[in-house]
Every structure is written in C-alpha cells, then in structure tokens.
Amino acid sequence: MMIRVALAGNPNVGKSVIFNNLTGSHQRVGNWPGKTVEKKEGVFRYDNEEIYVVDLPGTYSLTAHSIEELIARGYIVEERPDVVVVVVDASNIERNLYLVLQVLELGAKTVVALNKMDLAEVSSLYLDARKLERLLGVPVIPTVAPKKVGMDELCRKILEVARTKRQVVKVRYGNEFEEAIGKIERQLEGDKALEAYSTRWLAIKLLEGDEAVIKKVQRAASGGKVLREVEEIRKALKRKHGDLEMALINERYRVIKYIVERAVKGEKVLTASDYLDQALLDRYLGMPIFISILWIIFQFTFIVSMPFSDILSDIFAISSERLAGITGIARVDYLLFGEYGVLNGVGMVLSFVPLIMTLYFTMSLLEDFGYIARAAFLMDKVMRKLGLTGRSIIPMILGFGCNIAGVYSTRIIPVEEDRIVAIVTNPLMLCSARLVTFVVIAAAFWGSAAGSVVLSLYILGIALAVLVALVLKRSVFKGRVSPFIMELPPYQIPSLKVATTQMWVRASLFFKKAGTVILLGLLVVGLLATTDVSTLSFTQDIERSLVATIGHALQPIFAPLNWDWRLVVATVFGFIAKEIVIGASAMLYGVSEEEFSNFLALHYDPVTMYAYMVFVLVYVPCVATIAAVKHETLSWRWAVFTIIYEIVLAYALSLVILLIGRTFFPGV
Amino acid sequence: MRRRVLYCGALLGLLYVIYGVLQVYNGVVSWWFGSDKLMQLGVKVFETHVPNTFPDPFSGLTLITIGLLFLAALYHSMRGFTRYKGYLFAAWLLAVTVLVLNVVEICASFLDAYYPLLYGGTPNFEWSLAVDAWGIAPHLLLGVLALPLYFDLKDFIRELIPGL
C-alpha cells in the first residue's frame with residue numbers, strides 16, 4: 001500500500017527543495033479543490049515502498065485564520081496522512097517550533113526535518129538534534145536541502161514512523177491547562193462522530209474557542225453537553241488568564257523556550273540588521289522614529305520637487321500665452337487657453353508630476369531598504385491593541401499611493417468582516433491625488449513647514465481610519481481579530497534602478513490620468529464656466545455662467561465652512577478625480593499655479609484652509625475608488641455607506657476644526 | 001566601542017533634544033498662536049541665527065527622536081547591553097539623513113530662486129543662507145558634528161553596503 005506523506009512548514013524554510021529532492025520529476029502541480037492556492041503532489045519509491053508526497057501551503061500556524069492554514073490543517077485532520085514531515089528552519093528555530101507543536105497537537109505521526117543546518121552554524125547556533133528528538137518525542141533529522149544532505153535518513157525515518165502504530169509525544173503545557181484539556185478529553189471520549197479526530201487537539205481547540213471545531217462538536221451526539229462543560233472550564237480559566245487563545249500561544253512559546261534552552265547551544269550572532277531593529281522597533285522610540293521617517297520623506301519630496309514644479313508651471317503659463325488665439329474661434333480659444341481655460345487647470349495638475357515622481361522614488365527606496373515591513377510591524381502592534389487586524393496595514397500603506405490599489409490589496413485579509421472594514425476605511429488614506437491639492441495650500445500658508453502640515457494630514461487620515469474601523473468592529477462586525485505574522489527582511493542598500501523604474505511607471509500612469517479623466521473633468525468645468533446661464537451662449541463673465549449658478553446654489557451648505565462658490569464647485573468636481581480639485585480651482589479663480597498660492601493666502605486664513613484640507617482628505621472618494629469598493633465588497637450597500645459616512649465625517653470634522661481654531665487660536 | 005564615542009553621542013543627544021524642543025516650542029507659538037517671538041539658541045549673524053531653529057513641530061520631533069536615540073545608546077551601554085550599538089547606529093543614520101535633507105533643501109531653494117536666469121528671466125526671489133529658514137539649521141550643524149562617528153560605525157555600515 002502507498003504511504004502518504006504531507007510536507008508542512010513555515011514559508012521559505014526550504015520545503016519545496018525537499019519536495020523536489022524526494023519526488024524528482026514525478027510531480028504534478030494543480031490547485032487545492034475550490035481554492036486558488038497551488039497544490040503540489042508527487043510520488044517516489046524508497047526501500048521498495050511507494051511514497052506519495054503532498055506539499056502543503058507554507059504556514060506559520062494551524063489556527064485556521066487564513067486559507068493556507070485552513071488547507072494545511074484540513075488536510076492533516078481530514079485526510080490523515082501516514083506521516084507529516086515538518087520542515088523547520090534551524091537558523092530560526094523558535095518561530096518554526098510553533099508549527100511543530102501545533103502538528104503534534106493534531107496527533108499526526110510526525111518527523112521533523114531540521115533544515116538549513118549550514119545557516120544555523122554560520123550564525124553560531126549549534127542544534128543538538130538528538131536532544132531535540134528526546135524533548136519533542138518525534139524523530140528529528142538534520143538536513144541541508146540544496147545539497148541533498150540528510151535526504152536518505154529522512155526517507156528512512158518516514159518509513160519507520162509510517163510503520164509504527166503511534167508516537168508518544170512528550171509536549172505538555174502548564175498544569176492548569178493540562179487539567180482542563182484532560183477534563184474536556186474525557187467528555188469527548190466515546191463519541192463516534194468525533195472518533196476520527198485527536199481528542200487532545202479537539203480539547204485544545206475548544207479551549208481556544210476555534211469556531212470550526214465548535215461546529216464540528218455541535219454536530220456530535222454529545223456536543224451540547226460537551227460545549228456546556230467547555231464553557232464552564234473556559235470561564236474559570238479566563239478569569240485568571242484572559243484571552244485563552246493568547247494564553248495558549250504563550251504556553252506554546254513557554255514550551256518552545258524550554259526546548260530551545262536545552263537543545264540549542266551558542267547565541268545567534270547579531271547582524272547589523274538585528275541591531276538596527278532593536279532601535280527602530282523599540283517599544284517607546286519605534287513610533288516616533290516612524291513619524292520622523294515619514295516627515296523626512298515628505299519634506300524631501302516637497303523640497304526636491306518644488307523647483308521642477310515651478311519650472312513646469314512656467315512652461316504651461318508661457319504655452320497658454322503663445323497658444324492664445326491659435327484656433328481662431330473665440331469660444332474654443334477662451335475655453336482652452338484663457339485665464340479660466342482648461343490648459344490652466346491641466347497645467348496646474350501636471351506641474352505636480354515631479355512631486356508624484358519624487359514621492360514614489362522615496363517610497364520605493366524606503367521599501368527596498370526594508371523599512372516598510374518594519375512600519376507595518378509597528379502599526380500592527382497598535383492595531384492589535386485596539387482589536388483590529390494588523391493585516392490592514394499593507395492596504396493602508398498602498399492607499400498612500402492610490403486608494404484603488406489599497407482597496408484591491410485588502411484581498412490579503414482572510415476574514416471577510418476584517419476585509420470589509422479595511423475596504424471602507426482605505427479611502428481615508430491620503431492618496432497622491434489629494435496630495436497635489438494639499439501641497440499647493442500648505443506651501444501657500446506654511447511655507448518651509450509645508451511638509452509637516454501635510455504629514456499631520458497623513459497622520460489624521462490613519463487616525464480616522466483606525467477610529468472608523470474601531471466603531472465598525474465594536475458595532476457591526478463584532479468578532480475576533482485574525483492574527484498577522486510577518487517576516488522582516490534584512491535591511492539592504494536600496495536599488496536606484498528599482499526606485500527609478502517605479503518612479504517612471506507612476507509618472508506615466510499620472511500622465512495617462514491627466515490626459516483622460518482629469519482633462520475630461522476640467523473640460524466639463526470649463527464648458528460650464530463659459531456658458532451663460534440664461535442664454536446658454538458663450539460668456540466670459542464667469543459670474544453669469546452655469547458653473548456660478550451651480551456654485552451659488554450649493555454654497556449655503558458650505559457657508560459655515562467659510563468657502564466661496566468657486567471652492568464649492570472645485571470640491572464637488574473632485575468626486576470625478578481628486579486632482580480636479582486643484583485644477584478646477586485654478587480655472588475658476590483664473591490664476592496660474594504661482595499666483596494661486598498668493599491668491600489663497602490673500603483670500604483665506606490658515607484655519608479655514610486647514611479645515612478645507614481636512615474636508616478634502618475625508619470627503620467622498622473618487623469614482624474609481626467607489627467602483628473598487630463596490631467590486632470588492634460585492635455590494636452597493638458598502639459603497640453607498642462609504643460615500644455617506646465620509647461626507648458626514650468630513651463636514652463635521654471641518655466644522656469642529658474651524659470652531660476650535662477660531663476659539664482657541666484667534667491670532668491665526 | 002570606545003567610551004569616547006558614547007560620550008560624544010550623549011553630548012550630541014542632548015544638543016538634538018534641546019534644539020528639537022526649541023523647534024516644537026517655536027512651531028506651537030508661531031503656528032497656533034500667531035506669535036513671532038521665537039526662542040533661539042545660537043549666534044546672531046546678520047539677520048539670522050546660527051543655527052536657526054525655525055518653527056516646525058514635526059521637525060522638532062525628529063530632532064528629539066534622534067537625540068533620544070543617542071541617549072538610549074548611552075543608557076544601554078551603561079547597563080552593559082550590546083544593543084546600544086543599534087541605537088547609536090540608528091541615531092547616526094537619522095542624523096546623517098536629516099543633514100542630507102538640509103543640504104538638499106539649500107540646493108533646491110537656490111535652484112527655485114535662480115532658475116529663471118537660465119532663460120534670461122529675473123530671479124523668482126533673492127535667496128541667501130540668511131533668509132532661508134533651512135539655511136543653517138540645527139539639522140546641518142549637528143549632522144556635521146555627528147559625521148566623525150562614521151569611523152566607529154563603519155563595520156555596521158559596510159555590512160549594509162558591502163564594498164564601501
């Protein structure tokens with residue numbers, strides 16, 4: 001009979017290399033049933049036995065929070081392979097042993113492949129495989145997969161373990177937990193529906209409150225009685241230990257610490273990356289460092305891009321002058337090249353191409369250096385304390401570039417409720433489209449400190465996203481949070497080539513957008529601005545135009561925010577694309593980029609303009625982002641919800657800022 | 001690592017914290033209370049101060065953070081923890097980064113003022129180190145003072161940038 005083996009392990013531990021070493025060319029690649037996760041299986045012969053191997057998806061645990069974890073756990077529990085080979089990275093033994101303990105909890109017959117032994121030695125770590133074997137109670141085989149070291153021994157052990165009836169596993173948790181596990185195990189024993197499963201695993205999962213296992217037990221004959229008993233035990237333990245899932249995670253790590261202290265000799269030599277992480281991820285200084293790095297990036301972005309934006313702005317102003325009258329048709333000329341013309345608006349938007357390019361260049365450098373992963377790690381700590389998933393950090397960071405990318409990237413969040421929360425809060429991230437508007441305003445009012453003002457808006461966006469997420473998690477989506485485990489890559493010198501490529505890609509996307517959506521939006525504004533409201537004929541008097549009528553009609557709604565009708569219209573048109581806000585403003589006020597800053601400084605005060613920036617930051621996302629929200633939530637309901645809550649929040653927040661500003665800082 | 005390095009780091013740490021606090025204070029009184037009575041700690045040269053602690057709370061927070069990293073290095077070293085190396089390295093990296101930022105700002109402002117001369121125009125504005133808020137800021141002066149620490153941190157730096 002064929003022996004069935006499952007290969008389990010954390011991502012990047014060399015599992016696939018071992019799989020290839022074992023199966024050679026006899027392998028098949030497909031998908032797990034009903035999933036888009038790759039399934040690799042193969043067959044080989046050893047000692048006259050035919051052995052089937054399946055490569056399970058790489059996971060850090062078997063807690064069933066992600067699709068990969070569900071597949072791996074489901075296969076071991078339901079398919080019950082003869083042997084589970086857990087591939088462990090010897091140079092990172094502590095983290096890897098967590099999965100080993102979870103596989104042992106499942107009651108699966110296990111062999112541990114202690115891979116990357118060469119790397120462990122380089123790091124001055126000396127692992128005693130025999131001692132590890134005694135402590136775990138399962139065979140441990142040292143391997144170096146790329147050099148095929150230990151493969152023969154591994155095959156021999158697989159056969160040996162497959163032929164044994166059962167293993168005596170020696171891992172035990174604290175007395176209180178063992179007592180509770182024992183009590184639940186006794187309740188579960190004898191139930192035919194649950195016979196196929198390890199009672200110890202069921203008991204641990206019931207203690208953790210694992211929903212899939214609770215459902216499984218509910219269906220059994222003794223289910224109701226068992227679950228009532230479990231609830232009593234959980235209540236008693238909770239009083240002392242709090243969250244039991246977390247308490248059991250701590251128990252596993254306590255056991256891991258015990259094992260490592262006995263089986264590992266030497267201290268891992270710390271690299272420059274490790275030392276740097278101790279400072280950059282410091283409990284108290286980590287967050288100020290994160291804010292400081294953001295400030296440096298934005299300051300650098302504004303500083304470097306400023307002269308180039310000014311040069312581009314001059315080029316557009318000169319072009320407008322030179323092109324005036326070129327068509328010979330007064331209306332078209334005025335619409336395209338006049339002071340309220342489309343070229344003025346498009347030029348205003350395009351003069352910020354250097355800003356967008358520099359921003360993406362610096363962000364790419366930071367990502368390549370390895371800091372973005374650290375930023376996610378720092379934010380995850382905060383998010384988890386608030387009961388939110390740390391996985392939403394990645395979409396948030398992507399949202400800084402473009403909210404659409406941010407919304408689509410929420411697919412990495414495995415729990416549907418958490419994903420919806422991340423989707424509807426992503427438009428609060430300050431995207432590069434809004435940045436264009438903010439840079440002009442901040443430069444006009446705060447000069448050399450513009451970077452700091454814009455940074456405050458980035459921080460406000462994150463804070464509001466967390467706040468809205470908290471409200472949703474405490475009201476609509478009550479439930480537990482999916483954990484987030486991430487690898488922190490070593491720091492490295494960033495690649496200028498990668499950063500430059502990224503910069504050009506983004507610039508070309510920006511040009512494309514400027515030539516399509518933004519141009520069309522501004523053309524509509526231009527047409528409305530040059531059409532007489534009573535005769536529908538051409539007019540150069542903007543106060544008699546259609547756009548002025550629309551603006552005047554809407555202006556009373558925004559009067560408490562101190563806006564004039566032109567600002568109202570520009571903001572409303574920003575619904576199409578946020579860059580239009582600044583382009584339309586330039587058109588409606590009839591001023592170029594350079595004049596625009598002076599114009600704003602003369603007509604508005606810093607408090608009104610800060611409140612305005614907050615409104616633009618928060619109010620309704622652009623059309624494309626709304627479409628993305630609808631697409632990803634599969635419902636108009638959430639798209640409409642996003643529009644409504646953002647408009648209400650934007651208005652209320654702006655009003656509050658104005659009131660506070662006027663009351664407490666009358667000098668500004 | 002030699003004690004001299006840590007003491008130099010600690011002195012730099014104190015200076016960074018002091019100038020950071022001044023920037024936060026100046027930012028608060030200038031931005032939120034509209035006052036032009038700024039606190040300066042430096043030598044007055046022509047119409048500006050050297051260093052010029054221009055009002056900017058976030059810039060101040062950055063200086064304070066760098067200062068605290070230097071001081072944390074001293075703290076961990078005194079307690080015998082090797083982690084002080086990481087704090088000193090991080091502080092130095094940030095100090096050099098804001099020094100570069102200051103230099104880039106000076107170049108960018110200069111370019112912004114005088115680029116119209118390239119096509120025969122008149123300067124956008126008259127620029128000099130004295131009128132530029134970032135002209136000779138604490139970021140520049142303290143960063144220059146921190147540069148010699150390179151010789152004590154070069155092993156780390158070479159690990160990140162092989163071949164340097």
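### Here we look at the overall build of chain A
Stage number 1. Along the backbone of chain A there are 30 helices and nine strands.
Stage number 2. Projected onto the principal axes, the alpha-carbon positions of chain A cover approximately 95 × 55 × 45 Å.
Stage number 3. Taking all 668 residues of chain A together, 49% fall into the buried category.
Stage number 4. Summarising the internal contacts of chain A: among those between residues at least 6 apart in sequence, 70% fall at separations of at least 24.

### What about helix H15 (residues 342-350) of chain A?
Stage number 1. Most of H15(A) sits inside the fold, with nine of its nine residues counted as buried.
Stage number 2. Turning to H15(A), its buried residues are A:Val342, A:Leu343, A:Asn344, A:Gly345, A:Val346, A:Gly347, A:Met348, A:Val349 and A:Leu350.

### Thoughts on the domain arrangement of chain A
Stage number 1. Entries for chain A in the domain assignment read domain 1 (3-163), domain 2 (175-270) and domain 3 (286-483 + 500-664).
Stage number 2. Distance between the C-alpha centres of domain 2 of chain A and domain 3 of chain A: 49 Å.

### Examining the interface of chain A and chain B
Stage number 1. Residue-level contacts link 32 residues of chain A with 38 residues of chain B.
Stage number 2. The set of elements that each furnish at least two residues to the side of chain A that touches chain B consists of helix H12 (272-280), helix H13 (286-323) and helix H22 (450-474) of chain A.
Stage number 3. Looking at the side of chain A that touches chain B element by element, the count peaks at 14 residues for H13(A).

### Focus on H13(A)
Every α-helix carries 3.6 residues per turn, so stepping three or four residues along brings you back to the same face.
Stage number 1. Its 38 residues give H13(A) an end-to-end C-alpha distance of 54 Å, which sits within 8% of 56 Å, the value for a rise of 1.5 Å per residue.
Stage number 2. Roughly 40 degrees is the biggest bend found in H13(A), and it falls at A:Met306, with proline A:Pro307 one to four residues downstream.

### Some thoughts on the nonpolar core
Stage number 1. Of all hydrophobic cores here, the largest spans 177 residues; its most connected members are A:Val439, A:Val454, B:Leu69 and B:Ala91.
Stage number 2. Setting aside anything within four residues of it in sequence, one finds A:Val439 in contact with A:Phe302, A:Phe352, A:Leu355, A:Ala450 and A:Val454.
Stage number 3. Formed by 71 residues, the second largest nonpolar core is a distinct cluster that contains A:Phe19, A:Ile93, A:Leu132 and A:Leu188.

### Concerning the environment of A:Glu632
Residues and elements named next belong to chain A.
Stage number 1. Turning to its location among the elements, Glu632 is positioned in helix H29 (residues 623-633).
Stage number 2. Judged by the 21 C-beta atoms lying within 10 Å of it, Glu632 is buried.
Stage number 3. Ignoring any residue separated from it by four or fewer positions in sequence, one finds Glu632 in contact with Val407, Tyr408, Thr410 and Ile423.

### Topic: the pairing of strand S1 (residues 3-9) of chain A
All names here are of chain A.
Stage number 1. Along S1, five of the seven residues are buried, which leaves the element largely enclosed by surrounding structure.
Stage number 2. As paired elements, S1 and strand S4 (residues 49-55) share five bridges and run parallel to each other. Of the residues in S4, the one forming a bridge with Leu7 is Asp55.

### A short note on the packing of H15(A) against helix H26 (residues 579-589) of chain A
All names here are of chain A.
Stage number 1. As a packed pair, H15 and H26 sit with axes 8 Å apart at the nearest point and diverge in direction by 135 degrees. Taken together, H15 and H26 sit at an angle that is classed as oblique. Of the two possible hands of crossing, H15 and H26 adopt the one that is right-handed. Residues Asn344, Gly345, Val346, Met348 and Val349 of H15 lie in contact with H26, whose contacting residues are Glu579, Ile582, Gly583, Ala584, Ala586 and Met587.

The rules behind each value
Residues numbered from 1 in each chain as written. Chains lettered and ligands numbered in written order. Predicted model: local features only at pLDDT ≥ 70, side-chain atom pairs only at ≥ 80, totals over all residues. Helix = DSSP H or I, 4+ residues; strand = E, 2+ residues; numbered from the N terminus. Buried ≥ 20, exposed ≤ 12 C-beta atoms within 10 Å, placed from the backbone. Contact = placed C-beta atoms within 7 Å. Domains from an automatic or database assignment. Expected span 1.5 Å × (residues − 1). Bend = angle between axes of the 7 residues up to and from the residue. Core = buried A, V, L, I, M, F, W, Y, C linked by C-beta atoms within 7 Å. Pairing = 2+ DSSP bridges. Axes fitted to C-alpha atoms, helices over the stretch in contact; angles between N-to-C directions. Parallel < 35°, antiparallel > 145°, perpendicular 65-115°, else oblique. Left-handed = near helix turned anticlockwise from the far one by under 90°.

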